[in-house]
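# Fold and contact review
Here is how the chains run, residue by residue.
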Amino acid sequence: MGKKNKQFVEKVTAMEEDFAQWYTDVVKQAELVEYGQVRGTMIIKPYGYAIWENIKDELDKKFKETGHSNVAFPLFIPESLLQKEKDHVEGFAPEVAWVTHGGEEELTERIAVRPTSEVLFCDYYSNNIHSYRDLPKLYNQWGNVVRWEKTTRPFLRSSEFHWQEGHTAHATDQDAAEETDKMLGIYADLVEKYLAIPVLKGRKTDKEKFAGAKYTLTIESMMHDGKALQSGTSHHFGSGFAEAFDITYLDENGKSQYVHQTSWGLSTRIMGALIMVHGDNRGLVIPPRIAPTQAMIVPIAQHKEGVLDKAYELRDQLKNLVRVDIDASDKTPGWKFNETEMKGFPVRIEMGPKDIEKNQVVLVRRDTGEKEFIALAELQDRLPVLLEEIQQNLYEKAKAHREEKTSVAKNMDEFKTALEENPGFIKAMWCGDTACEEKIKEETTATSRCIPFEQEKVSDTCVCCGKEAKELVYWAKAY
């Protein structure tokens, strides 16, 4: 490898040396984003947006299959509307960006740049739901929101981010509860099957639930450094928002009832998870099902007669089978290899004069680096199978990593030791008292991640106070 090519790789800090810097290096070197002019904003570049589009398209298909319709609501929210639900506005107040002027004219009422759209949907529902025949309302919005974060990092925490937010209204509490469960299942399915990231499914504690919600369900994933990332949430609002906004309907008996609502969302934050779960010191590793380019053809000695022609011929043969591209630039093969690794393309297909003579290509896996010589006649059968092997391997590797970095603690000494010696998830019993939850955070900076649906009993007493335990909780330091 030439000096030039070495330098390309050296621009990435080793994750063992400085994980935060490794993350920033990869995001920039893989050409996912550039920083915007306003603090905490980002320009999502074509490759980064292509990955997000694949995630978006898969989710959108699932939403439509389950009867949801896409809508578009305004970016601006009048302050008086935002103030209508007390818990909700208190939860978001520190992060709201306000518009105070229109041109040179000072506005009579401040306008919030939406941090989330619950109040807009509630206002709409109050004017458009009258009868049980109007229910359910199953809406989803793709858009961007602004939250004035103090500490920012691309994808993980940014002042502006892209996401989808579902907002539904139902006749009964049970219908809303079923919707809340269903949408969490859709998120878990997407993240596990397409992003190859194993998740924990559970309920947030009251302290950690969405402001104004009856309860919040979550999927939690573990990053390579042992920190947790909340990867998608689904909220059951009950009738709280309906009572604040007077959203009622006449039931089949002509009696006025409050609707029951849900809200659920997944954002570009999941891109951060994708990077931190699968990436390595050579850059990104993108699971095949979500990769914009599943196979990159790299011609070797392309200046020699027939090599480029054969490479393009191969691309045309494969393009209806997999998402394939070709690097026909005049850069050296070594530089191209580094580029394919940095961008995390699942498979590199190498083809040079000697390979053409033998009617073969070389397949190089991004996840393991293994090389495989395959006859051209067998390539169309082998390539889809190889991509599925890579997809499954990435999931199994991430799951094994999570298991390895999951500890059990029965008291605070064990809790602190686990955090120090094996940073990751900690399974520990909890009495249900918020005071204990706050004390754990104060002493360790770890937070409750979720009360898992699949409960087990690792002790009889609360990890913090020693009183009788009510349920198992997963704890971790988190992004």
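Another aspect to go through is the nonpolar core. Counting residues in hydrophobic clusters, the biggest one holds 55 residues, and the most contacted among them are Trp22, Leu32, Ile55, Phe155, Val191, Leu266 and Ile275. If you list the elements that add at least two residues to this core, you get α2 (19-29), β2 (42-44), α3 (46-65), α7 (173-193), β10 (215-222), β14 (260-267), α9 (269-278) and β15 (295-299). Residues in contact with Leu266, not counting those within four places in the same chain, are Trp52, Ile55, Leu59, Trp163, Gln164, Tyr187, Leu190, Val191 and Ser231. Residues Leu135, Ala169, Phe241 and Ala242 belong to the second largest nonpolar core, which totals 26 residues.

What follows is about the packing of α3 against α9. Close contact between α3 and α9 brings their axes to 11 Å; oriented N to C, the two are set at 110 degrees. As far as their axial angle goes, α9 and α3 are roughly perpendicular. Along its contact with α3, which presents Gly48, Ile51, Trp52 and Ile55, the element α9 presents Ile270, Met271 and Leu274. Of the residues that constitute the contact of α3 with α9, the class distribution is six nonpolar, one polar and no charged.

Our next topic: the packing of helix α10 (residues 307-318) against helix α13 (residues 376-404). Helix packing geometry: the angle between the two helix axes and the distance between the axes. For the pair α10 and α13, interaxial distance at closest approach is 11 Å and the crossing angle is 40 degrees. Classified by the angle between their axes, α10 and α13 sit oblique to one another. Where α10 crosses over α13, the two elements pack in a sense that is right-handed. Facing Lys310, Leu314, Gln317 and Leu318 of α10, the residues of α13 in contact are Leu376, Leu379, Gln380 and Leu383. Its residues assigned to classes, the contact of α10 with α13 comprises five nonpolar, two polar and one charged.

Our next topic: the pairing of strand β22 (residues 447-452). Taken residue by residue, a regular strand's side chains alternate between the two faces of the sheet. Judged by how many residues are buried, β22 sits mostly within the fold: six of six residues are covered. Inspection of the sheet shows strand β9 (residues 200-203) paired to β22 by two bridges, in the antiparallel sense. Note on β22: the bridge partner recorded for Arg203 is Ile451. Pairing of β22 with strand β23 (residues 471-476) involves three bridges; the strand directions are antiparallel. Each bridged residue has a counterpart across the sheet, and for Cys450 the counterpart in β23 is Tyr474.

The strand order across the open sheet formed by five strands is β16-β15-β17-β18-β19, and the pairing between neighbours is mixed. Two strands close off the open sheet at either side, each with one partner strand: β16 (324-326) and β19 (371-375). This sheet shows a mean twist of 25 degrees between the axes of neighbouring strands, independent of strand direction. Where strand β17 (residues 347-351) and strand β18 (residues 360-365) come together, four bridges link them in antiparallel fashion. In the sheet register, Val347 faces β18, and the bridge partner there is Arg365.

What follows deals with the pattern of salt bridges. Tallying each qualifying case throughout the model produces 33 salt bridges. With its nearest N and O atoms 3.0 Å apart, the salt bridge here joins Glu31 to Lys343. With a gap of 312 residues between them, Glu31 in the loop between α2 and β1 (33-35) and Lys343 in the loop between α11 (333-342) and β17 connect regions that are remote in the sequence. The exposure class of Glu31 is partly exposed, given its relative accessible area of 33%. Overall, Lys343 belongs to the buried group, its relative accessible area being 12%. The network of salt bridges with shared partners includes Asp280, Arg282, Glu341, Arg348, Glu350 and Arg366.

Below, the discussion takes up unusual backbone geometry. Most peptide bonds take the trans configuration, and most residues that are not glycine carry a negative phi. Residue Pro136 follows Leu135 across a cis peptide bond; omega there is 0 degrees. Here Pro136 shows up in the loop between α6 (118-128) and β7 (137-146). A positive phi angle, close to 70 degrees, is found at Phe155, a residue other than glycine. By relative accessible area, which is 2% here, Phe155 ends up buried. You will see that Asn359, though not glycine, has its phi angle at about 55 degrees, which is positive. Along the chain, the position of Asn359 falls in the loop between α12 (353-357) and β18. Judged by its relative accessible area of 44%, Asn359 falls in the partly exposed class.

Moving on, we get to the side chain of His260. Its location among the elements puts His260 in strand β14. On the accessibility criterion, His260 (16% relative accessible area) is buried. Each residue touching His260, except ones within four places of it in the same chain, is listed here: Thr168, Ala169, His170, Ala171, Thr172, Asp173, Ala176, Gly238 and Ser239.

A few words on the packing of aromatic side chains. Applying the stated rule across the entire model yields 17 aromatic pairs. Aromatic side chains Phe63 and Trp142 sit 6.2 Å apart centroid to centroid with 35 degrees between the ring planes, which places their arrangement in the tilted category. Remark: Trp142 occurs in strand β7 and Phe63 occurs in helix α3; sequence separation between them is 79 residues. By relative accessible area, which is 1% here, Phe63 ends up buried. Considering the side-chain rings of Phe415 and Trp475, the 6.1 Å spacing of their centres and the 75 degrees angle between planes classify their relative orientation as edge-to-face.

Since there are 3.6 residues in each turn of an α-helix, residues three or four apart along the chain are aligned in direction. In a regular helix each residue adds 1.5 Å, so 29 residues correspond to 42 Å; α13 covers 40 Å between its end C-alpha atoms and thus fits that length. Arg382 marks where α13 bends most, by close to 40 degrees; the proline Pro384 follows one to four residues later. What α13 keeps buried is the set Leu379, Arg382, Leu383, Leu386, Leu387, Ile390, Gln391, Leu394, Tyr395, Ala398 and Arg402.

Cut-off values and rules
Residues numbered from 1 in each chain as written. Predicted model: local features only at pLDDT ≥ 70, side-chain atom pairs only at ≥ 80, totals over all residues. Heavy atoms only, no water. Core = buried A, V, L, I, M, F, W, Y, C linked by side-chain atoms within 4.5 Å. Buried < 20%, exposed > 50% of the residue type's maximum accessible area, 1.4 Å probe, protein only. Helix = DSSP H or I, 4+ residues; strand = E, 2+ residues; numbered from the N terminus. Contact = heavy atoms within 4.5 Å. Axes fitted to C-alpha atoms, helices over the stretch in contact; angles between N-to-C directions. Parallel < 35°, antiparallel > 145°, perpendicular 65-115°, else oblique. Nonpolar A, V, L, I, M, F, W, Y, C, P; charged D, E, K, R; others polar. Left-handed = near helix turned anticlockwise from the far one by under 90°. Pairing = 2+ DSSP bridges. Salt bridge = Lys/Arg side-chain N within 4 Å of Asp/Glu carboxyl O. Phe/Tyr/Trp six-rings, centres within 6.5 Å; stacked < 30°, edge-to-face > 60°. Expected span 1.5 Å × (residues − 1). Bend = angle between axes of the 7 residues up to and from the residue.

Honestly, that's just the spatial picture; any functional story needs more than this.
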